[in-house]
Amino acid sequence: MFEQLPVPARASGIVGTYDPTSPKFTSPRNEVKVRLLLDFRLIDTMGSAKSQVPLLLHWTHEDGVIRKNPMARVKTRKSRRINAERSLDLDLYAYVLDYLDALPVPDDSAARRRARDRFAFVALRELGLRASELVGVRMRDVYPLTDPKTARTYWILKVDEEHAKGSTGRDVPMTRVVFEELMAYRSAFGLSSVPEASEEYGLLLSVQTKPVAIGSRMVTEAKSRRYFRAWASITSRKSLYLIVKNRLEEVAVSLERDGRGAEAIQLRGVSPHWLRHTFAKALIVRGRDIRVVAESLGHASVTTTMAYTRQSALDQIREYGKDENHELATQAAPLTG
């Protein structure tokens, strides 16, 4: 089934005795296991190594390929829980946008950078995307969708399987706020206001240009590249992280100058993922159906989304509330009249 691997006919030691003719290794399922175990070129990142190596050792120990599993006593890391408190206060979010609006733009490059950064903030807040999803979106992934029931056409942003967590893609309806930001941002880069299906470059553009061929001639001069709108794309989470963090640092310095040190400290702790939490909490507060919120966030289970609702605590409170003599501590209602 697989190409021949350069492995010894027999090997001993921690792996016991390896005999490729053994029935243990001839079934298709076990042949896959052996190939994965021996061909570590398939494990291409540190993250995948951390998750795959323990699994491979478990497999091979379970099937008798190795005498002992060296990872058996290693504690696996618990899955990370959502910290719903890591969200940005909406007044502070508005302050960030106001700060960007007030920035001087001495040249076209500064105007493009400001429009791009503002769009990135608004997209993270309004769409609830993960950073990896936003940098994976291309301009062509923004498309119109007509509802046959109302004949109204809406703008949708497609998150493909390659960049979505769990390889589960989804279509995200765009709010008017974020779409208007997109149009203004595209205009700053000299593009038409509405994305076209032929646009292969990323949704987030660099102010730097990339090589472009016009006919048989390669355009090398930066000014000419800008003329042909040959913008490079921002495709890494780190680049987006730095865009967000650098802008927030500027705003934090501004807050400190105004004597608002506590808000500056909060802002310095914000990351792109905080804006995703901000989006989720805002939907919950508005009373959106938990299943719709889960779909918008790309959660595989509504259980994950429930972290934003404090539902477990509310269920317990309501159960206690059935007893008029419950002993739960309550906050006094404000006096009226």
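Residues numbered from 1 in each chain as written. Predicted model: local features only at pLDDT ≥ 70, side-chain atom pairs only at ≥ 80, totals over all residues. Heavy atoms only, no water.

Considering the packing of helix H5 (residues 108-127) against helix H7 (residues 176-188)
- One can describe the packing of H5 onto H7 by two numbers: an axis separation of 9 Å at closest approach and a directional angle of 160 degrees. Accordingly, the angle class assigned to the pair H5 and H7 is roughly antiparallel. The two elements H5 and H7 meet at a crossing, and its hand is left-handed. Judged by residue contacts, Ala111, Arg112, Ala115, Arg116, Arg118, Phe119, Val122, Ala123, Glu126 and Leu127 of H5 engage Val177, Val178, Glu181, Leu182, Tyr185 and Ala188 from H7. (Axes fitted to C-alpha atoms, helices over the stretch in contact; angles between N-to-C directions. Helix = DSSP H or I, 4+ residues; strand = E, 2+ residues; numbered from the N terminus. Parallel < 35°, antiparallel > 145°, perpendicular 65-115°, else oblique. Left-handed = near helix turned anticlockwise from the far one by under 90°. Contact = heavy atoms within 4.5 Å.)

Section: the sheet that holds strand S1 (residues 142-146)
- The sheet built from three strands is open, its strands ordered S1-S2-S3 with antiparallel pairing. At either end of the open sheet lies a strand with only one pairing partner, and these are S1 and strand S3 (170-173). Strand-to-strand twist across the sheet, computed as the mean angle between neighbouring axes with direction ignored, equals 45 degrees.
- Relative to S3, strand S2 (residues 153-159) is paired through four bridges, and the arrangement is antiparallel. Looking across to S3, one finds that Lys158 is bridged to Asp171. (Pairing = 2+ DSSP bridges.)

Observations concerning the environment of Val178
- Looking at where Val178 falls in the secondary structure, it is placed in helix H7.
- For Val178 and Leu127, which are 51 residues apart along the polypeptide, the C-alpha to C-alpha distance reads 8.0 Å.
- Residues contacting Val178, with those up to four places away along its chain left out, are Phe119, Val122, Ala123, Glu126 and Leu127.

Considerations on helix H9 (residues 237-257)
- In a regular helix each residue adds 1.5 Å, so 21 residues correspond to 30 Å; H9 covers 30 Å between its end C-alpha atoms and thus fits that length.
- All of the buried residues along H9 are Leu240, Ile243, Val244, Arg247, Leu248, Val251, Ala252, Ser254 and Leu255. All buried residues of H9 project into a common sector of 160 degrees when viewed along the axis, lining one side. In H9, the exposed residues that point more than 90 degrees away from the buried face are Lys238 and Arg257. (Expected span 1.5 Å × (residues − 1). Buried < 20%, exposed > 50% of the residue type's maximum accessible area, 1.4 Å probe, protein only. Arc of directions from axis to C-beta.)

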